[in-house]
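Next come the chains, spelled out residue by residue.
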Amino acid sequence: MLVGAIVLGGVSGLSLTLLIRMIHQSLLVEAPDPVRFLGYYMLVWMLFVCCTTAATLMTSGMAHKALYALRELVTDRILNVSYRTVESRGATFFPVLTEDVQTIANTLYRIPAITTATATIIGCFVYMLILSWTITLGIVILFVVIYLMMTAIGKRAQSYGIKARNEYDRIYRFFEDLVYGLKELKLNPWLRQHYRHHVFPPMINSHQKLKFRENVLFNFSIRTVEILFFPALGVLVYSIIVYNISTPGAFSGVLTVLLFMLSPLATMANFVSEYKAMQVSMVRLDELDLAFRRSEESGESLSKLSHQITKSKALTDEIDNHGIRPEDTDTKNELASIDASVADGVRPEDNDTSKDGALSDASSIQRIHQKDNDEPLIRFTDVEVSYSRDDGVTNFKLGPVSVDLPVNKIIFVTGDNGSGKSTFAKVLTGLYAPERGEVIYRGQTVTHSNRESYRSRFSSVFSDFHLFTELPPETVGGDVLQSWIDRFGISKHVHISQNKITTSKLSQGQRERLAFAFACSYPSEIVVLDEVSSNQDSGFRNKIYHEIIPELKDLGKTVVVISHDERYFELADVLLHFKNGQLVLDQP
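Remember, predicted model here, so these are calculated numbers, not experimental data. (Residues numbered from 1 in each chain as written. Predicted model: local features only at pLDDT ≥ 70, side-chain atom pairs only at ≥ 80, totals over all residues. Heavy atoms only, no water.)

### Brief notes about the packing of aromatic side chains
- In this structure the tally under the stated criterion is 18 aromatic pairs.
- Seen in terms of ring centroids, tyrosine 387 and tyrosine 432 are 6.2 Å apart; in terms of plane orientation they differ by 70°. Their pairing is edge-to-face. Highlighted residues: tyrosine 387 in strand 1 (residues 378–388) and tyrosine 432 in the loop between helix 12 (421–428) and strand 4 (436–441), separated in sequence by 45 residues.
- Grouping aromatic residues by their ring pairs yields a cluster made of Phe174, Phe175, Tyr195, Phe200 and Phe468.
- Its end group placed over the ring of phenylalanine 540, arginine 513 keeps NZ or CZ at 3.9 Å from the ring centre. (Phe/Tyr/Trp six-rings, centres within 6.5 Å; stacked < 30°, edge-to-face > 60°. Helix = DSSP H or I, 4+ residues; strand = E, 2+ residues; numbered from the N terminus. Lys NZ or Arg CZ within 6 Å of the ring centre and 35° of its normal.)

### Details of the side chain of histidine 466
- When you line up the elements, histidine 466 lands in the loop between strand 6 (458–461) and helix 14 (473–476).
- A polar contact is formed between the side chain of histidine 466 and the side chain of aspartate 177, at a distance of 2.6 Å.
- Discounting chain neighbours no more than four positions away, the residues touching histidine 466 are Glu176, Asp177, Tyr180, Gly181 and Glu184. (Polar contact = N/O pair within 3.5 Å; in protein donor to acceptor, adjacent residues only side chain to side chain. Contact = heavy atoms within 4.5 Å.)

### Digging into helix 8 (residues 224–243)
- When the terminal C-alpha atoms of helix 8 are compared, their 27 Å separation across 20 residues agrees well with the 28 Å that a helix rising 1.5 Å per residue should span.
- Burial in helix 8 covers these residues: Thr224, Val225, Phe229, Ala232, Leu233, Leu236, Ser239 and Ile240.
- Downstream of helix 8 by a residue or two, asparagine 244 has a phi angle that is positive, lying close to 55°. (Expected span 1.5 Å × (residues − 1). Buried < 20%, exposed > 50% of the residue type's maximum accessible area, 1.4 Å probe, protein only.)

### Quick look at a nonpolar patch on the surface
- A cluster of nonpolar side chains, Leu129, Trp133, Leu137, Ile141, Val145, Met149, Phe220 and Ile227, forms an exposed patch at the surface whose accessible area comes to about 780 Å².
- Per-element tally for the nonpolar patch: the top contributor is helix 5 (residues 133–180), with 5 residues. (Patch = residues over 30% accessible without salt bridge, like charges linked within 9 Å, V, L, I, M, F, W, Y side chains within 5 Å. Areas by Shrake-Rupley, 256 points an atom, 1.4 Å probe, with all protein chains shown as cover. Salt bridge = Lys/Arg side-chain N within 4 Å of Asp/Glu carboxyl O.)

### Quick look at the environment of valine 560
- Among the secondary structure elements, valine 560 is positioned in strand 10 (residues 558–562).
- Classification of valine 560 by relative accessible area gives buried; the value is 2%.
- For valine 560 and valine 574, which are 14 residues apart along the polypeptide, the C-alpha to C-alpha distance reads 9.3 Å.

### Overview of the pairing of strand 8 (residues 500–503)
- Pairing geometry for strand 7 (residues 494–497) and strand 8, over 4 bridges, is antiparallel. Looking across to strand 8, one finds that isoleucine 496 is bridged to isoleucine 501.
- The loop that links strand 7 with its antiparallel partner strand 8 comprises 2 residues; one of these, glutamine 498, has a positive phi angle of about 50°. (Pairing = 2+ DSSP bridges.)

### Description of the confidence of the model for the chain
- Within the chain, residue pLDDT values average 76, and 79% of them lie at 70 or more.
- Of the regions scoring below 50 in pLDDT, residues 296–358 engages in 84 contacts with residues more than four places distant in sequence or in other chains.
- Within the model, pLDDT remains below 50 along residues 360–372, and this stretch shows 52 contacts once partners closer than five positions in the same chain are excluded. (pLDDT = per-residue confidence, 0-100.)

### A short note on the nonpolar core
- Membership of the largest hydrophobic core comes to 47 residues, with the highest contact counts inside it found for Phe412, Phe488, Leu514, Phe516 and Leu552.
- Of the residues forming this core, the biggest block, 7 residues, is contributed by helix 16 (residues 508–521).
- Apart from the residues lying within four places of it in its own chain, the contact partners of phenylalanine 488 are Arg513, Phe516, Ala517, Cys520, Phe540 and Ile548.
- In terms of nonpolar packing, the next biggest core, distinct from the first, is built from 33 residues, Phe396, Leu398, Phe424 and Leu431 among them. (Core = buried A, V, L, I, M, F, W, Y, C linked by side-chain atoms within 4.5 Å.)

### Focus on the pattern of salt bridges
- Applying the stated rule across the entire model yields 13 salt bridges.
- For aspartate 464, the salt bridge is made with lysine 183, and the minimal N-O distance between the two is 3.1 Å.
- For aspartate 464, a relative accessible area of 44% puts it in the partly exposed group.
- Given a relative accessible area of 14%, lysine 183 falls into the buried group.
- A salt bridge links glutamate 452 to arginine 455; its shortest N-O distance comes to 3.0 Å. Taken as a pair, glutamate 452 and arginine 455 lie in helix 13 (residues 451–455) at a separation of 3 residues, close to a single helical turn. Here glutamate 452 matches arginine 455 in class, with each residue buried.
- Each of Arg192, Glu452 and Arg455 takes part in a single network of salt bridges with overlapping partners.

Right under this line is the structure:
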């Protein structure tokens, strides 16, 4: 099919050349036959249209098949590669499957236009040789110079393209952090500010600068034809006048053909930039394929995999037969206010509501002695939140919930799976706004205007937590984070340098400990732990409940623990039990 598309593209290009020859020859004949000219002209034009259309259809189908085959190839490699390789290089898969494969396919779509342009240029050169070989020789020398310049500039542009492509991987990882770590970004204003103003801008600016340089050089390379064409044309005219290297009639014919060639030459020049981009994508694809081939499981064939799946399905059928069976605002004032409270060790109850609508300042992680105060830290008043299907039917509702959460207490939230515990935690932390009712923090209703400030009072470890590789200095907290990492027994696997976290391959339990260390080191007033011990061994689980959580309470924090483990319910100062979205037990 590719050969057929190239042949048809060549025929269409030669048809264009024949059209320009017919026009030129008809103007030179003293008494042309207009009817005969028009008939032959339209026949050649129809040949051009038919060949171009057929070549386009064939190439489009081929490009779609190639796109499918490339994605199928990468998919097969992923299925056959070792899981360890996938874990270590998983972030590079998606840019290859989306950006690089599409770039290769887009280049394939251009084959009909390129073959047509190539054939047109060749045909025009042949016709120019017939008109004047001396002028044509000069034009050939000009095109050789243009080609050398385009090649030199194109290589430089390609080097920028490779660097820009590497930056694209970083951008992709940034958006992964943005999407999967949104809860942490919402609750941690320093982290949010750091990623928004210190991670995102330099990364995007670097990518934009590289792409700008690449595009400028490629565009300059493309315009080389136009830049050098007209000075060379002037030299030719000068040579004809002074040295009489050709006749004016021949030159006018060559000039007509040259002007006609500008469009296919521009097509060829544009293709150079696309081809260079395709080369970069092919390199990325080859690198990924090489990594797969080095895997110890890369030799496993799909037929073997298919056979295993078939056997598994047969076994399943046999078992069945036998009956076995969800806003980011400028938080500079807020951050400054929190920083001040951290530095001064201010108690939460000693602060007034700020003028800009922010809530009273949170305490630092320093040891704070709370005053006896009957006012609850947080009060839920008839709070309701619901989940609805696409058709609008409500399939789960939390509430109405009315409960007081006291200051500096250990609060256990219990209940079966799907009872509403995690939804309650998201409303508590301000990630969800109540659809009905009110959440009141230290006597002030949490609204849209102060919800950002309210969220900053929390640190959390949700069951679907996300770990970030870059942290702001306020979050790292000097030696505070490192001390918690040491306490949690993962210091051999985690290294902090210049506010960046580097780790060896961590187990899920170790990742959970690292997330817990972040939550403990963050200067929050309230810590929310969602099944934080689910992946821990019994020894460290006991340490969490009997040492870490009481210590957080001693530091002046209110600790909210979501847990199924009844063995530790006796440690709770307050026990909340949910069932089918309802708070059925509020036991101090």
